[in-house]
Every structure is written in structure tokens, then in C-alpha cells.
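# Descriptive analysis of the structure
Now for the letters of each chain:
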Amino acid sequence: MINKFIVLVVFVYGTALFAGVNSESGSAIFSERGCAMCHAKDNDTVGPSIRMIGIRYSGNENKLVAYLKGQSQPIVYPERDGMMRPQLMKIGNLYEDEYRSLARYMIQAFMRTDF
Ligand code: HEC
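Below is a summary of the structure that appears in this document. A quick note: this is a predicted structure, and the numbers were derived from the prediction, not measured. Per-chain numbering applies: the sequence of each chain, read as written, is numbered from 1 onward. Where local features are concerned, this predicted model is filtered to residues with pLDDT of at least 70; where side-chain atom pairs are given and counted, the filter is 80 or more; whole-chain, interface and lining totals use all residues.

### With respect to the overall build of the chain
Along the chain, the regular secondary structure elements total 6 helices and 0 strands. Listed by position from the N terminus, the elements making up the chain come as α-α-α-α-α-α. Using C-beta atoms placed from the backbone, we call a residue buried if 20 or more other C-beta atoms fall within 10 Å of its own, exposed if 12 or fewer do, and partly exposed for counts in between. Burial analysis of the chain (115 residues in total) assigns 19% to the buried set. By the convention adopted here, residues are in contact when the distance between their C-beta atoms, placed from the backbone, does not exceed 7 Å. In the chain, the proportion of contacts linking residues at least 24 apart, taken out of those at least 6 apart, comes to 64%. We count a stretch as a helix when DSSP gives it H or I for four or more residues in a row; a strand needs E for two or more, and each element gets its number in order from the N terminus.

Written as C-alpha cells, this is what we have:
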């Protein structure tokens, strides 16, 4: 119990540090670039839920970063790639650490108590 709490505190603190000064945080990018329109937190809507994306990419942050850059094939619902692919243009101009923060947001967000 206590261990879990410490892990959570370290994680939240680490995320805040990681957000840096000049780059936007993953959650800000996600809401500001319209991703939430098709991606709800817990339930699949037009697109897979953030939880589903997180589960599929768990432990595979590098692959999700590559996908977000348009350099990797989809693995969640590839048959619906036609709808998602054009959305990647909205995030075509991010910095490296912003891609990473966005990927991390989707993979880890649902583990946070405030998600
Ligand atoms: C118009 C609706 C729509 C919007 C807006 C949208 N998506 Fe998607 N997204 C989808 C659909 C449909 C899928 C399922 C296709 C797939 O899994 O490749 C998907 C799948 C994904 C996946 C899983 C890819 C995989 O491996 O299969 C990720 C990650 C993702 N979206 C991130 C984002 C981000 C980040 C944004 C904002 C820039 C965004 N989406 C905006 C509809 C949308």
C-alpha cells in the first residue's frame, strides 16, 4: 500500500519535471489538438479509448512514439487506420520530447488516480 503510494508520488513528480519549460505536456497536446473528440478515457467511441491504447502499447513507448510520428503501423484497430492516419498531421510538428510526453500520457494516464 505504502509502496504503491510512493511509486505514484514519484511518478507524478517525475511527469511534472519531465514536462519541461518549453515543451507542452502530453495531456495538453491531447486536449488542444482535438484528440479527445474521438478518444474517450475509458470507452471506445469513434476511436479506441485511451485505456485501450495504453494497454496495447504498455511497455512499448518507443513504438507508440514511432506511430505518432507516422513511422510505424497501427496495432489497435488497423482496419480503421483510414480515419486516424490524417489526424497524425495535427501532430506532425512536435518536438521529440513532446512526442514522448504524448505517448507517455496515453500509456500511463489511466494509472493515475486523477485520470
Ligand atoms: C476523427 C476521429 C479521431 C481523431 C480526432 C483522433 N483519432 Fe486517434 N484514432 C481514431 C480511430 C478511428 C482509431 C482506430 C484506428 C487505429 O487503431 O489505427 C484511432 C487510433 C489511434 C491510436 C492507436 C493507433 C494504433 O496503433 O492502432 C492512437 C495512438 C491515436 N489514435 C492517437 C490519437 C491522437 C494523439 C490524436 C490527436 C492528435 C487522435 N488520435 C485523434 C480516430 C481519431
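From this point, things continue past the structure.
### Quick look at the packing of helix α3 (residues 50–57) against helix α6 (residues 96–108)
Running from N to C, α3 and α6 cross one another at 100 degrees; their axes reach a closest spacing of 7 Å. Taken as axis vectors, α3 and α6 run roughly perpendicular relative to one another. Taking contact as the criterion, the partners of Ile50, Ile53, Gly54 and Tyr57 in α3 are, on α6, Met106, Ile107 and Gln108. A fitted line through C-alpha atoms serves as each axis, taken over the contacting stretch for helices, and the angle formed by two N-to-C directions is quoted from 0 to 180°. Convention used here: angles under 35 degrees read as roughly parallel, angles over 145 as roughly antiparallel, angles from 65 to 115 as roughly perpendicular, and any remaining angle as oblique.

### Here's the deal with the site of the ligand
Whether a residue is near a molecule or strand depends on its C-beta atom, generated from backbone atoms, being within 6 Å of that molecule or strand. Neighbouring the ligand are 25 residues; Cys35, Cys38, Gly47, Pro74 and Val76 lie closest to it. For the shell around the ligand, the secondary-structure elements that each account for two or more residues are α5 (81–84) and α6. Ranked by residue count, the leading element in the shell around the ligand is α5, at 3 residues. Grouping the amino acids of the shell around the ligand by side-chain chemistry returns 17 nonpolar, 4 polar and 4 charged. Throughout this entry, Asp, Glu, Lys and Arg are counted as charged residues, while Ala, Val, Leu, Ile, Met, Phe, Trp, Tyr, Cys and Pro are counted as nonpolar. The remaining residues, Gly among them, count as polar.

### Points about the nonpolar core
A set of buried Ala, Val, Leu, Ile, Met, Phe, Trp, Tyr and Cys residues, joined to one another through C-beta atoms within 7 Å, is what we call a nonpolar core. Ranked by internal contacts, the top residues of the largest apolar core, which has 13 residues, are Leu64, Leu68, Leu102, Ala103 and Met106. Elements represented by at least two residues in this core include exactly α2 (26–32), α3, α4 (61–68) and α6. If one sorts the elements of this core by residue count, α6 sits on top with 6 residues. In this structure, leucine 64 is in contact with Tyr57, Ala103, Met106 and Ile107, ignoring residues within four places of it in sequence.

### Side note on the packing of α4 against α6
Contact geometry for α4 and α6: axes closest at 9 Å, N-to-C directions at 120 degrees. By the angle class used here, α4 and α6 are oblique. Once α4 is placed against α6, the crossing between them reads as right-handed. Residue-level inspection shows Glu61, Leu64, Val65 and Leu68 of α4 in contact with α6, the latter providing Tyr99, Arg100, Leu102, Ala103, Arg104, Met106 and Ile107. By definition, turning the near helix anticlockwise from the far helix through less than a right angle yields a left-handed crossing, and turning it clockwise yields a right-handed one.

### Some remarks on α3
Buried within α3 we find Ile50, Ile53 and Gly54. One side of α3 carries all its buried residues, which in axial view fall inside an arc of 100 degrees. Its buried side turned inward, α3 meets α6. Looking at the residues trailing α3, positive phi occurs at glycine 59, about 75 degrees. As used here, the arc is the angular range of directions from the helix axis to the C-beta atoms.

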